Amino acid sequence: MNKDDDMISKYPGHNNDLSKESEVKGKGTLFIISGPSGVGKGTLCKAIIDLGNLSFSVSCTTRPPRAGEADGVDYRFMSLDEFNKKLEESMFLEYASVHGNMYGTLRSDVEDALKSGKDIILEIDVQGAFQVKSKMDCVSVFILPPSIGELENRLRGRGTDSDEKIRLRLKNAEYEITRSEEFDHRIVNDYLGRTVFDLKKIIIERRNLLRGE
Ligand code: ADP
Ligand code: 5GP
């Protein structure tokens, strides 16, 4: 069991019942998950896969891959020229410059998932979130850290970013948090198991709403 699985299973409310309730095919929903770097968005996305009928958009980025990241899985890694070409061809549903790199969601990823009746999760920054919200029906969720100190611990604990990058990410976090009230839902990611439970609940409630329950 890895560290994150362990944190999830320690939450007393953790069980698989939620997954069973959600095994319903219908109209797909676009969910946006936003929040500061290091707050746990990637960890949460992995932990909700067992809900089923979910698709995860693989963003394009000009950021270099981190150790362990795979092209086409974590991101579509590309040069700035390649990114700009896609931009000129209007291939992005949204895009933004975040912490000094370009990131964008391919329109086709979202359309394909929704057409097939799957829900799709976009893990994107606040600028991108507002672009999508202005164009499409969606459910937006902002993940908050318990404190800025804890956010810094998580960024340092992840061990993927230099001191300089961590400082930039913490500085940007303060601005991002000021926009959190514009999201449909806000969840504090304190105990991972509980946050996973709350996030799954949001998805399931949306599915139930669309089924008329
Ligand atoms: P993001 O995708 O938002 O940048 P990550 O998912 O990479 O963040 O998480 C950053 C670090 O914080 C990882 O090392 C992860 O294991 C850890 N983490 C995530 N959620 C929690 C939590 N609730 N409590 C403690 N550590 C957490
Ligand atoms: P990281 O470099 O840590 O993977 O991501 C940095 C930030 O970029 C995070 O806030 C993440 O949500 C955001 N991000 C990732 N993909 C996209 C995207 O396609 N569009 C936008 N706007 N932001 C993204």
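A short tour of the structure in this document, coming up. Given the structure is predicted, the values throughout are model-derived calculations rather than measurements. (Residues numbered from 1 in each chain as written. Chains lettered and ligands numbered in written order. Predicted model: local features only at pLDDT ≥ 70, side-chain atom pairs only at ≥ 80, totals over all residues. Heavy atoms only, no water.)

### Considering the site of ligand 1
Consideration 1: Inspection of the region around ligand 1 gives 17 residues, with Gly38, Lys41, Gly42, Thr43 and Arg158 positioned closest.
Consideration 2: Between ligand 1 and Gly40 there is a distance of 3.0 Å, counted from an oxygen atom to a backbone nitrogen or oxygen.
Consideration 3: One nitrogen or oxygen atom from the side chain of Thr43 is found 2.5 Å from an oxygen atom belonging to ligand 1.
Consideration 4: When isolated, ligand 1 has an accessible area of 570 Å², and the protein chains bury 85% of it.
Consideration 5: Taken together, the elements giving at least two residues each to the shell around ligand 1 come down to helix H1 (3-9), helix H3 (41-47) and helix H7 (148-158).
Consideration 6: Class assignment of the residues belonging to the shell around ligand 1 gives a composition of four nonpolar, six polar and seven charged. (Near = heavy atom within 4 Å. Polar contact = N/O pair within 3.5 Å; in protein donor to acceptor, adjacent residues only side chain to side chain. Areas by Shrake-Rupley, 256 points an atom, 1.4 Å probe, with all protein chains shown as cover. Helix = DSSP H or I, 4+ residues; strand = E, 2+ residues; numbered from the N terminus. Nonpolar A, V, L, I, M, F, W, Y, C, P; charged D, E, K, R; others polar.)

### Examining the sheet that holds strand S4 (residues 76-77)
Consideration 1: An order of S4-S3-S6-S5 is seen for the four strands of this open sheet, with the pairing classed as mixed. On the outer flanks of this sheet lie S4 and strand S5 (92-98), each paired with one strand and no other.
Consideration 2: Where strand S3 (residues 60-61) and S4 come together, two bridges link them in parallel fashion. Of the residues in S4, the one forming a bridge with Thr61 is Phe77.
Consideration 3: Along the sheet face, helix H5 (residues 107-115) touches S4, S5 and strand S6 (101-106) and points at about 30° away from the line of S6. (Pairing = 2+ DSSP bridges. Contact = heavy atoms within 4.5 Å. Axes fitted to C-alpha atoms, helices over the stretch in contact; angles between N-to-C directions.)

### Comments concerning the nonpolar core
Consideration 1: Ranked by size, the top nonpolar core spans 25 residues in total, and within it Ile48, Ile121, Ile143 and Leu199 carry the most contacts.
Consideration 2: Secondary-structure elements contributing two or more residues to this core are strand S1 (30-34), H3, strand S8 (139-144), H7, helix H8 (163-178) and helix H9 (192-210).
Consideration 3: Here this core takes six residues from H9, the largest share from any one element.
Consideration 4: Those residues within four positions of Ile121 in sequence are excluded, and the remaining contacts are Phe31, Ile33, Cys45, Ile48, Leu54, Ser55, Phe56, Ser57 and Ile203.
Consideration 5: Counting residues in each nonpolar core, the second largest holds 16 residues, with Leu93, Ile120, Leu122 and Val132 among its members. (Core = buried A, V, L, I, M, F, W, Y, C linked by side-chain atoms within 4.5 Å. Buried < 20%, exposed > 50% of the residue type's maximum accessible area, 1.4 Å probe, protein only.)

### Some details on the site of ligand 2
Consideration 1: Around ligand 2 sit 19 residues in total, of which Ser59, Arg63, Tyr75, Tyr103 and Asp125 are the nearest.
Consideration 2: Ser59 is positioned with one of its side-chain polar atoms (N or O) 2.7 Å from an oxygen atom of ligand 2.
Consideration 3: The separation between a nitrogen atom of ligand 2 and a polar side-chain atom of Glu94 is 2.8 Å.
Consideration 4: When contributions to the shell around ligand 2 are tallied by element, the ones reaching two or more residues are S5 and S6.
Consideration 5: When the residues that make up the shell around ligand 2 are grouped by side-chain class, the tally is five nonpolar, seven polar and seven charged.

### Considerations on the pattern of salt bridges
Consideration 1: For the coordinates displayed, the defined rule picks out 17 salt bridges.
Consideration 2: The closest approach of N and O atoms between Arg66 and Asp161, which form a salt bridge, is 3.7 Å. Of this pair, Arg66 sits in the loop between S3 and S4 while Asp161 sits in the loop between H7 and H8, and the two are 95 residues apart along the sequence. Both residues of the pair, Arg66 and Asp161, count as buried.
Consideration 3: One salt bridge connects Arg186 with Glu181, and the closest N-O pair in it is separated by 4.0 Å.
Consideration 4: Each of the salt bridges in this network shares a partner with another, and the network as a whole consists of Arg63, Arg66, Glu69, Arg158, Asp161 and Arg169. (Salt bridge = Lys/Arg side-chain N within 4 Å of Asp/Glu carboxyl O.)

### Points about the environment of Ile187
Consideration 1: Positionally, Ile187 belongs in strand S9 (residues 185-188).
Consideration 2: Here Ile187 falls in the buried class, since its relative accessible area comes to 5%.
Consideration 3: When the C-alpha positions of Ile187 and Ile143 are compared, they lie 5.0 Å apart, and in sequence the two are 44 residues distant.

### A look at the sheet that holds strand S2 (residues 54-56)
Consideration 1: The strand order across the open sheet formed by five strands is S2-S7-S1-S8-S9, and the pairing between neighbours is parallel. In the strand order of this sheet, the two ends are held by S2 and S9, each with one partner. Averaged over all pairs of adjacent strands, the angle between strand axes in this sheet comes to 25°, irrespective of strand direction.
Consideration 2: Two elements, S8 and S9, share four bridges in a ladder whose sense is parallel. In the strand pairing of S9, Val141 is matched with His185.
Consideration 3: Sheet strands in contact with H5 are S1, S2 and strand S7 (119-123), and its direction is about 155° off that of S7.

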